[in-house]
Amino acid sequence: MRNALFQIHWFLGLTAGLVLMLVGVTGGILSLEDEVTGLLSPGIVTVPVRETPRLTPDALVARLKDEAPGRRVTLLIVSGAPDGAAQVRLAEGPGRGSETYVDPYDGRILGPARGEEFFAFVRRLHRWLLLPGNGDGWGRTITGASALALVYLALSGLYLRWPKGRRDWRIWLKPALNRRGRALYWSLHAVFGTWMLVLYLVMALTGLWWSYGWYRDGVTMLLTGRPAASAPARGGGKREGAPAPLDPAFAAFTTATNGRYATASFAPAREGETIRIRAVAPDAAHAQARDEWRFRPDGSLDSRDLYAERPLGARLTGSMLALHEGRFFGSAGRIAFLLAALAMPLFGVTGLLLYLGRRRSRRRHAAATVQAA
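Here is what the cut-offs are and how they apply
Residues numbered from 1 in each chain as written. Predicted model: local features only at pLDDT ≥ 70, side-chain atom pairs only at ≥ 80, totals over all residues. Heavy atoms only, no water. Helix = DSSP H or I, 4+ residues; strand = E, 2+ residues; numbered from the N terminus. Buried < 20%, exposed > 50% of the residue type's maximum accessible area, 1.4 Å probe, protein only. Contact = heavy atoms within 4.5 Å. Areas by Shrake-Rupley, 256 points an atom, 1.4 Å probe, with all protein chains shown as cover. Lys, Arg positive; Asp, Glu negative; His and termini not counted. Charge placed at Lys NZ, Arg CZ, Asp CG, Glu CD. Phe/Tyr/Trp six-rings, centres within 6.5 Å; stacked < 30°, edge-to-face > 60°. Pairing = 2+ DSSP bridges. Axes fitted to C-alpha atoms, helices over the stretch in contact; angles between N-to-C directions. Arc of directions from axis to C-beta. Polar contact = N/O pair within 3.5 Å; in protein donor to acceptor, adjacent residues only side chain to side chain. Expected span 1.5 Å × (residues − 1).

Caption draft 1: Structural context of the overall build of the chain. Assigned secondary structure in the chain consists of 13 helices and eight strands. Here the C-alpha coordinates of the chain stretch approximately 95 × 40 × 40 Å along the principal axes. Evaluated residue by residue, the chain yields a buried proportion of 40% over its 373 residues. Contacts in the chain between residues far apart in sequence, at least 24 positions, make up 58% of those at least 6 positions apart. Accessible area of the chain: about 21,200 Å², with a carbon and sulfur share of 61%. Each charge class in the chain can be summarised by its mean position, and for the 47 positive and 29 negative side chains these summaries are 19 Å apart.

Caption draft 2: Region of the structure containing the packing of aromatic side chains. Within this structure, the stated rule accounts for 14 aromatic pairs. Summarising the aromatic geometry, the rings of Phe-250 and Tyr-261 are spaced 6.2 Å apart at their centres and angled 80° between planes, so their arrangement reads as edge-to-face. A residue pair is termed long-range when its members are at least 10 positions apart, and Phe-250 in helix 9 (residues 247-256) and Tyr-261 in the loop between helix 9 and strand 5 (263-266) qualify at eleven residues. With a relative accessible area of 16%, Phe-250 lands in the buried category.

Caption draft 3: Fine view of the sheet that holds strand 8 (residues 301-305). Strand order in the open sheet formed by eight strands is 4-3-2-1-5-6-7-8, with antiparallel pairing between adjacent strands. With partners counted over all chains shown, the strands left at the sheet margins are strand 4 (109-111) and strand 8, one partner each. Each strand of the sheet is rotated relative to its neighbour by a mean of 25°, with strand direction disregarded. Examined bridge by bridge, strand 6 (residues 275-280) and strand 7 (residues 290-295) share six bridges and lie antiparallel to one another. Pairing of Ala-279 across the sheet is with Asp-291, part of strand 7. Contacting strand 1 (72-79), strand 2 (86-91), strand 3 (98-102), strand 4 and strand 5, helix 3 (residues 57-67) crosses the sheet at an angle of about 130° to strand 1.

Caption draft 4: Inspection of helix 9 at higher detail. Of all the residues in helix 9, the buried ones are Ala-249, Phe-250 and Phe-253. End-on, the buried residues of helix 9 take up no more than an arc of 95°, which puts them together on one face. Contacts from the buried residues of helix 9 go to helix 3, strand 1, strand 5, strand 6 and strand 7.

Caption draft 5: Highlighting unusual backbone geometry. With a phi close to 60°, Leu-129 is a non-glycine residue in the positive phi region. Within the chain, Leu-130 stands out as a residue other than glycine whose phi angle is a positive 65°. One can find Leu-130 in the loop between helix 4 (116-128) and helix 5 (138-161).

Caption draft 6: Region of the structure containing the environment of Thr-37. Within the secondary structure, Thr-37 is located in helix 2 (residues 33-40). In this structure the C-alpha to C-alpha distance between Thr-37 and Gly-115, which are 78 residues apart in sequence, comes to 5.7 Å. Beyond its immediate chain neighbours, meaning those up to four positions away, Thr-37 contacts Val-45, Ala-113, Arg-114, Gly-115, Glu-116 and Phe-119. Here the side chain of Thr-37 touches Glu-33 through a polar contact of 2.7 Å, landing on its backbone oxygen. Polar contacts involving the side chain of Thr-37 include one to the main-chain carbonyl oxygen of Asp-34, which spans 3.3 Å.

Caption draft 7: A look at helix 4. For helix 4, with 13 residues, the first-to-last C-alpha span of 18 Å sits near the 18 Å given by 1.5 Å per residue. Those residues of helix 4 lying buried are Phe-119, Val-122, Leu-125, His-126 and Trp-128.

What follows is the structure, given as structure tokens:
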């Protein structure tokens, strides 16, 4: 049994390991996107603070009709910081549209953040390996299978390394950096693998959320006791009816929160529909810790769903990306997940060196046996 587990372990390490190394490094790069694009984009992500008041949501949308004629706003995200630019998603016809930053004081289109195209490329590589079809192609299937392989590699690695009898903790957790050759490779592979085992399991189990619908549905049912909500159809056309005004809902929202929010996003609505505002508090643990407010057209509150008041299962299913990146566990968790992701090639390289070393050792042993005979 142990030998069979070992054979599967090295086989998956030599095959799925290639994809996991790529996914790990690209995932580590993506976790730095906000900081990098922010540093590269002064005057786009941030704007000079002025004494004049910022435009209201309706005034901003109206100004954008002049700035981008023929395009409609399908998403509006306003910042609670005086120097924070607004974000809008503009679309011409059916489809998602493209996102850009906007000056909240005068409605000028500032363009996308610098570096966004690079990170969009890295994101496609991370999720779909740049294969045709993107999320509907083979890339998604391959990365999903590799995530399953990572679960096996982590658990089987722990089993194969589990000490028989009592063993000094230093052998279990301290790498033997003074060794050479295969002994060093094994120590790096086994010890660092033990350190990062829980992190890799969380990465893999959360990564499967985007790979398989059955997995997402099962996890949602397990954590919340309810089936997953159906996703809206992609590529839907323009909705009928005049757009609902946003200012009454936004005014009621700012009054209810005392104007304290990091970001507030508005979902499109038509006349007579409720206005949904998804907001992140300034002291939120991560960007997915969103409160959801719904207001009637006259600004009266229809419903409120605060992140902090949700059951743990609902918070987990609503924070899957934050869990995947380690942001759910604070700054220390984010740094630990970043280092673990970037360290993924260490296990692929040391595993390959151990495999080649075993093959050389077997060839020498076979040659020695033949000579002895």
